[in-house]
Structure formats: C-alpha cells, structure tokens
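Understanding the architecture of this molecule
Read off the chains here:
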Amino acid sequence: MASNHGSAGKWEVVKKGKKSNSSGGGRAAADKKLGAGGGGRKALGEANQPSRPPLKMSDNLYEGFEKMGKKQNKEQVPPAADSQNKKSSSSKTTKKSSSSSQLTPSTHKTLEEALKALDIGDLKQQLAHSQTLFPENPSVWVKDLAGYLNINLMVPETEPTLSSYTHDFPYCLTGKELRGVIKGLITRCSDILPDFFNHCVYTMLRELDKQSGEPLHGYRICIQAVLQDKPRIATQNLPEYLELLRSVQNRPVKCLTIMWALGQAGFYDLSQGLRVWLGIMLPVLGVKSLSSYAIAYLERLLLLHANLTKGFGIMGPKEFFPLLDFAFMPKNALSSSLQEQLRRLYPRLKALAFGAKPECTLHTYLPSFLSRATPHCPDDMKRELLNSMTECLCVDVQSLGVWRQLYTKHLPQSSLLLNHLLKSWNSLPPKLRKNLEETIQSFKVTNEEMRGAGQSQDLQECNKLCQNLQVKMRGRGFPWTKLLMVVLVFVAGFITHDVRSHGSFADSTTAMHLRNSGVTAVSQQAWSKITVYSKQGFSWLERNTPYYYSECVRVVGPLLEQGLEKAKSAAICISDNTSQLVVWVRENTPLVIEWVSMNTPDSVFQMLAYVKEVLLLLHHNYILPALALISELLERAWTKLQESCNGEVSISCLQGHAMSFTNSTWHLLQHTTSAIKTWAQELLTRA
C-alpha cells in the first residue's frame, strides 16, 4: 500500500489478488516495498532511519505515531518483537487509539505554559512502555523522549538562534521532576548519546524542510540536556558538520540551527565552545547571514567564562591571525559594526592565543606579525602589530633569534619595528634593552654585508635606526652606584696608606684630625657608655628573662594560637579574593585601556602632542642651556677655590674659607642690625 503524503487517506493502489485490510498481506506488501526502496510504512524498529549514512539509529514510537496521525492510516504498526505479533487485534486497536489521542496536543501561548501543562506521569508511562517493547535498544527510548517532548511543546519559535533568551533556554524552563526524568534516562543511555545528539540535529533539519514548520523545543531541550553533562559530544564530528553547513549554506535557517546546536557545548565548557567556534563558525565568518550570530555567540561565550585559563591551548597562530585580519583589515567581509564588535573581543582572543606560557610560544607568532607590518597597512593594525611584536621580544627570548633570521627578507617591516623600539626606548624593560644589544650589532654586520650588493632606501633607514639605538644603549643614566663605590675605595685606600706610612693608627694623620675635631673623645665617651649600659642590660636579661618568658607563654600562648588560626583563615580568604581580583583586573585592564583609547577624542591626543612639543622646546632651549651655565659656574668656582688655596684644596684651606665666610656673615649681620637700630632711633627722635 502506498499513500499520498500530501493528502492523507485519499488514494490507495492495491495490487491484484491482495487484500488491503489483511494484516498478513499488508505486512507482506509493506515488506516488499521497503525492500524495493518504496515510500510505504516501515516497521516500528525501522520507521525513522536517517537518510544520512553517519546516523544509524532505531526508530521511535512517537515519530511513527506522528506519521500515523498525519496520514490517518488505519493500519496498525506491528511491534518489532515476535511475541508482540501474537496480540489480539482488539488490543492493537486500543493502543493505537490511545496513542493517536496523545498526538493531538493543545497549543499554548508560551513555552512556560506548555511545560507546566505537560503530563509527567504520562511521559513516564510512555517511556516505560517503550522500554518494555525494546528492552535492549536504548536509542529508541531517548528518541521517544525527544519525540514526545517535541509533540507536546507546540509553541511557535521566534528565530532559530534564540538570541533574545538566556543561553540555557529552553532547558532552564523545565521543572525539577521533568529534569529528573530526562537526566535519569540520559544517564542510562550514556553509550548512545553521540548518536542521539546527531539524531536530534538531523531531525531538526528535516523538520525545517516541512511546510508546517513545527516548533523544535523538544529536540532543543534534549540537546542541551546531553551537552550539559557531556559537551565533548558536540566536537566529535566537526568536519562532517562543517561539510553539512556548507552544503546548506543557501539556507540560513538551517545553518543557524546547526550553529546553535553545536554551540550549546561552549556554555558548559569553554574549550569545547572555542573548538566549535573555530571549527564551524570561523570558516563561515564572511557569510553575511551567519556572521552576526557567530560574533554574538563568541561575545556571549567569552562574557560567560570570565576565567580564560580553561581555554588555553585551543587557539594557535593558524586560528588567531584570520581573526586579526577580520578585526583590523578595512573593507573585509564584515560590516563596520561587526568589525568593531570583534575588535572589542580581540584582547581576550589574544590572551587565549598566547596561552598559559607565552614565554615559550610567542616566537611562533612573530613571523606572521612581522610579515603583516608593512608601511602601507592601516594605522590601527600597524599599532597593534608593533605592540604585539614588542611583547614577543620582551616575553619570549627566542623571538630575537627569529627576527634575526627574517631580517634580510623583511627590511621594510624591520625598519618599522626598529623605529618603534627607538621611540619607546625609555618604556622598554631593562631585560629587553640588554638582549637587544647583540641583535642590533648583528643587524649592523648584516647591513655592512648587504651594502656591497647595493643600497636601498630601506637598508639605509635600518642602518640609521641601528646606529641611533646603539647611541641609546651607550647613553645610560648617571652611575651613582659606581661613583659611591669609587669614593669608598678611595677613602679606604687613603686611610690604609696613612696608617702604613705612620706605623700605627694612633700616629696617623686621620687619628690626629679625629682628635683635633673632637670626634675621638666623643666616640670614646659614647663607647664607654654603650659598654656600661650593655653590661647592665645583659645582667638584667640573665635575671629576668626566664620569668618573663614563662609568663608570656602562659598568658600570650593561647592568644597567639587563636590569632594564628584566624590569620591563616584570613590569609586564605584574602588569597582567594585577591586571586579573583587579580584575574579580573588582568582580564579587564586591556578592555578598559582599549575603551579609553577608543572613546578619547582626537583633540586630547593632539593636545598631548602639543604639550610634548612644548616640553621638548623648553628642554632644548632653556633647561639644557641652564644646566650648561650652572656647570660652567661651578667649574669657575672650583678654579677660584683652587687658586685661593694655592693650587691644592686641603681641609685647612676649606676651614679657613669657612671661618672667613662665617666672620664676614657675622660682621654683615652686626652692621645691618646697627643700621636698623640707628634708623629706628632717628624715627623716634623725629616723632
């Protein structure tokens, strides 16, 4: 018997000699048509075989019953087991009528109302019946669960990605009892969950081909329930799903449904979500109808998982640099708003790409950064590339070796990087400044070798920048530490020579000056007092230390133990809160810096540039000449001091100058005081 699927129950073609209402003949005809590839009814265990080869699952009761309800077919589907064929026709009719009555659910306005109206007892009964009919086929149990939920949750869907709801919608609406039923069945059927997940996805796609456009809430709930416990299931067949996605690329609703189903894994495991996004959504990021959801999903994924450490190791240079191009290259397949949205996510993607040990991986990123940093690339991208390459050189020492190997083939890019290092020299860490010395010297040698083959403008620019960097390296700050060491060594040598030349310290010039200045007497008096008080203190400690120690142990011991326990608890609490705060600051600082740089008007940067120019003008035209003048005045003063001391500055000469200066100051003060006194007396006399 063959039925017209478009108009149920109208025309039937009956072969000659066969009775259409005969159960045995009907089954033989159906079996013959199934063997010939016809479109007739299949047996209960075969009714809903997926058309795609990877999915080889048994049929479920409710899909068969749904087809029966739609076709209004009076023929009873026989059970798979032989023992079920022996039941009476009255029993079959009763079961069929009860099942048909369950397949006409009422339509509700909202999904919450539909879930509240769902009969959990009836669901348990139907699942028990399915397990009785197919005790060794758990794939039928879970398929019956999905079919039952989908049939009884007839609420219209707004759009396939459910972007206006929370990430766990519609599973979050299920009650505790229903969730227990779903979890219990999924736990019992853990071995066939990958096939069940594929069945739900492909069934959703088949339902989208139908004109009725029935809701898919039941399959969505099952997908979320499966991936909540086992998110790795979604990433087991990513290449096959990518091929499927590309085959239906002209059907955006189907594509978005696939992306939604696979993306549910990321909300429970960041690493699986990144694998889904990189394997499924990144390849179609340039498709206009899919790009918006792909970037929105990535933003929701990264905001949901504040701790990025679980996503380290998933993304490498191969996946990172297409994202860099999408975020910064103008006029690509993304719209300006989507590109701006992706650029806001770029710092977190960069952190995920660099991973937990950037000091071991950043040298692998340097070649791609360097090749993109051309003189004609956009300013924003150039700034990001130069900052990233500087970070590579600072964090990973191997990056310097990689740069030396790529130098001759990337002279324009190396010129940009050298210029950036020269401008930001003062802000570079000391370790990088030290490591750059060998690299710059290597570049100088390479420039000399390449000069014989012909000079290009890029080579000349690189050579000039290398020279300027070497000048920066040599022109370091004033060596105060070395100067202090030299002074100490000089003083020690002078005292040693003085003692040796006079035979003893008491006869030396140093001791004589110390005696004349009174330092020796004060030192001896202080030492005697220190000795006396030290002896008194030691004797007091010998007498009283045991007593006070025992009293301290008795009184303070319990308090110290309690304080130590509280200090440990406080330290643990502070450590936890501080670690969370550090992670939060580390993750949000790049976002804040990027937000400030993006929202700061250009006039502010222009004003800062003007202030910088004014400060440079003051530095060159006023500060440097003033310092030179002060230095010249100091030299003149030193020369005059030497001349006044007959060419040798000694302590006695300095004492004489100090005495004369003091006397002159005292005389000046006396004259000024007497003049003021005389002036005051004159005023009083006139009055």
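Our subject is the structure that appears above.
What you see is a predicted model; the values in this text were computed from it and never measured.

1. Focus: the overall build of the chain
- When helices and strands are tallied, the chain shows 27 helices and 0 strands.
- A total of 687 residues make up the chain; the buried ones form 36% of that total.
- At a minimum sequence separation of 6, the contacts of the chain that also span at least 24 residues come to 71%.
- With the model as given, the accessible surface of the chain reaches about 41400 Å², and the carbon-plus-sulfur share is 59%.

2. As for the state of the cysteines
- Within the structure shown, the criterion is met by 1 disulfide.
- Here Cys 645 connects covalently by a disulfide to Cys 653, the sulfurs 1.6 Å from one another. One disulfide, between Cys 645 and Cys 653, carries an S-S torsion of -80° and so falls in the left-handed class. Taken as a pair, Cys 645 and Cys 653 share a single burial class, namely buried.

3. Points about the packing of helix α11 (residues 252-263) against helix α13 (residues 288-304)
- Interaxial distance between α11 and α13 falls to 10 Å at its minimum, and their mutual angle equals 15°. When the interaxial angle is binned, α11 and α13 end up roughly parallel. The two elements α11 and α13 cross, and the hand of that crossing is right-handed. In contact with Pro 252, Cys 255, Leu 256, Met 259, Trp 260 and Gly 263 of α11, α13 contributes Ser 289, Leu 290, Tyr 293, Ala 294 and Tyr 297.
- Within the contact of α11 with α13, the residues separate by chemical class into 9 nonpolar, 2 polar and no charged.

4. A closer look at the environment of Met 315
- Relative to the assigned elements, Met 315 resides in the loop between α13 and α14 (317-328).
- Filtering out sequence-adjacent residues up to four positions away, Met 315 remains in contact with Leu 278, Phe 320, Leu 323, Leu 349, Leu 352, Ala 353 and Tyr 365.

5. Some details on the packing of helix α10 (residues 238-247) against helix α12 (residues 270-281)
- Contact geometry for α10 and α12: axes closest at 9 Å, N-to-C directions at 40°. When the axis of α10 is compared with that of α12, the two are oblique. When the axes of α10 and α12 are compared, the crossing they make is right-handed. Residues Leu 238, Tyr 241, Leu 242 and Leu 245 of α10 form the contact with α12, whose participating residues are Arg 275, Val 276, Gly 279 and Ile 280.
- Of the residues in the contact of α10 with α12, the class split is 6 nonpolar, 1 polar and 1 charged.

6. Overview of unusual backbone geometry
- A cis amide bond, omega 10°, links Phe 169 with the succeeding residue Pro 170.
- Along the polypeptide, Pro 170 turns up in the loop between α6 (138-152) and α7 (176-188).
- Its identity as a non-glycine residue notwithstanding, Leu 162 has a phi of 55°, on the positive side.
- Mapping Leu 162 onto the fold places it in the loop between α6 and α7.

7. Some points on the nonpolar core
- Of all hydrophobic cores here, the largest spans 134 residues; its most connected members are Leu 149, Trp 277, Phe 369, Trp 403 and Leu 436.
- The contact partners of Leu 436, leaving out residues within four places of it in the chain, are Leu 400, Trp 403, Leu 421, Trp 425, Leu 428 and Met 473.

8. Some details on the packing of aromatic side chains
- Counting across every chain of the model gives 18 aromatic pairs.
- On the basis of an interplanar angle of 35° and a centroid distance of 6.3 Å, the ring pair of Tyr 293 and Tyr 297 is categorised as tilted. Linking Tyr 293 with Tyr 297, this pair stays in helix α13, spanning 4 residues, or about one helical turn. Across the pair, exposure class does not vary: Tyr 293 and Tyr 297 are buried alike.
- In textbook terms, an aromatic cluster arises when at least three aromatic residues are bridged by ring pairs, as seen for Phe 320, Phe 321, Phe 328, Tyr 346, Phe 354, Tyr 365 and Phe 369.
- Over the face of the ring belonging to Tyr 171 we find Arg 179, whose NZ or CZ atom lies 4.8 Å from the ring centre.
- The cationic tip of Arg 220 hangs over the ring face of Trp 260; the distance from NZ or CZ to the ring centre is 4.5 Å.

9. Some words on helix α19 (residues 398-406)
- Three or more residues of α19 are buried, namely Ser 399, Leu 400, Val 402, Trp 403 and Leu 406. Seen along its axis, α19 keeps its buried residues to an arc of 160°; they face one direction.
- Buried residues along α19 sit against α17 (366-372), α18 (379-395), α20 (411-423) and α21 (430-451).

10. Section: α12
- The buried fraction of α12 is high, at 10 of 12 residues.
- In this fold, the buried residues of α12 make contact with α10, α11, α13, α14 and α15 (336-354).

11. Overview of the side chain of Thr 439
- Here Thr 439 lies in helix α21.
- The contact partners of Thr 439, leaving out residues within four places of it in the chain, are Leu 400, Trp 403 and Arg 404.

12. Quick word on the side chain of Ser 130
- Structurally, Ser 130 is set in helix α5 (residues 120-133).
- Judged by its relative accessible area of 0%, Ser 130 falls in the buried class.
- Within the structure, Ser 130 has its side chain in polar contact with the side chain of Asp 144 (distance 2.5 Å).

13. Remarks on the pattern of salt bridges
- One pass over the full model with this rule turns up 14 salt bridges.
- Close ionic contact of Lys 183 with Asp 229 constitutes a salt bridge, the shortest N to O distance being 2.9 Å. Here Lys 183 is found in helix α7, whereas its partner Asp 229 is found in helix α9 (residues 217-229), with 46 residues between them in sequence.
- For Lys 183, a relative accessible area of 19% puts it in the buried group.
- Taking the shortest distance from any N to any O, the salt bridge between Lys 350 and Glu 391 comes out at 3.6 Å. Of this pair, Lys 350 sits in helix α15 while Glu 391 sits in helix α18, and the two are 41 residues apart along the sequence.
- When its relative accessible area of 13% is taken as the criterion, Lys 350 is described as buried.

Reading the values: the criteria
- Residues numbered from 1 in each chain as written.
- Predicted model: local features only at pLDDT ≥ 70, side-chain atom pairs only at ≥ 80, totals over all residues.
- Heavy atoms only, no water.
- Helix = DSSP H or I, 4+ residues; strand = E, 2+ residues; numbered from the N terminus.
- Buried < 20%, exposed > 50% of the residue type's maximum accessible area, 1.4 Å probe, protein only.
- Contact = heavy atoms within 4.5 Å.
- Areas by Shrake-Rupley, 256 points an atom, 1.4 Å probe, with all protein chains shown as cover.
- Disulfide = S-S within 2.5 Å.
- Axes fitted to C-alpha atoms, helices over the stretch in contact; angles between N-to-C directions.
- Parallel < 35°, antiparallel > 145°, perpendicular 65-115°, else oblique.
- Left-handed = near helix turned anticlockwise from the far one by under 90°.
- Nonpolar A, V, L, I, M, F, W, Y, C, P; charged D, E, K, R; others polar.
- Core = buried A, V, L, I, M, F, W, Y, C linked by side-chain atoms within 4.5 Å.
- Phe/Tyr/Trp six-rings, centres within 6.5 Å; stacked < 30°, edge-to-face > 60°.
- Lys NZ or Arg CZ within 6 Å of the ring centre and 35° of its normal.
- Arc of directions from axis to C-beta.
- Polar contact = N/O pair within 3.5 Å; in protein donor to acceptor, adjacent residues only side chain to side chain.
- Salt bridge = Lys/Arg side-chain N within 4 Å of Asp/Glu carboxyl O.

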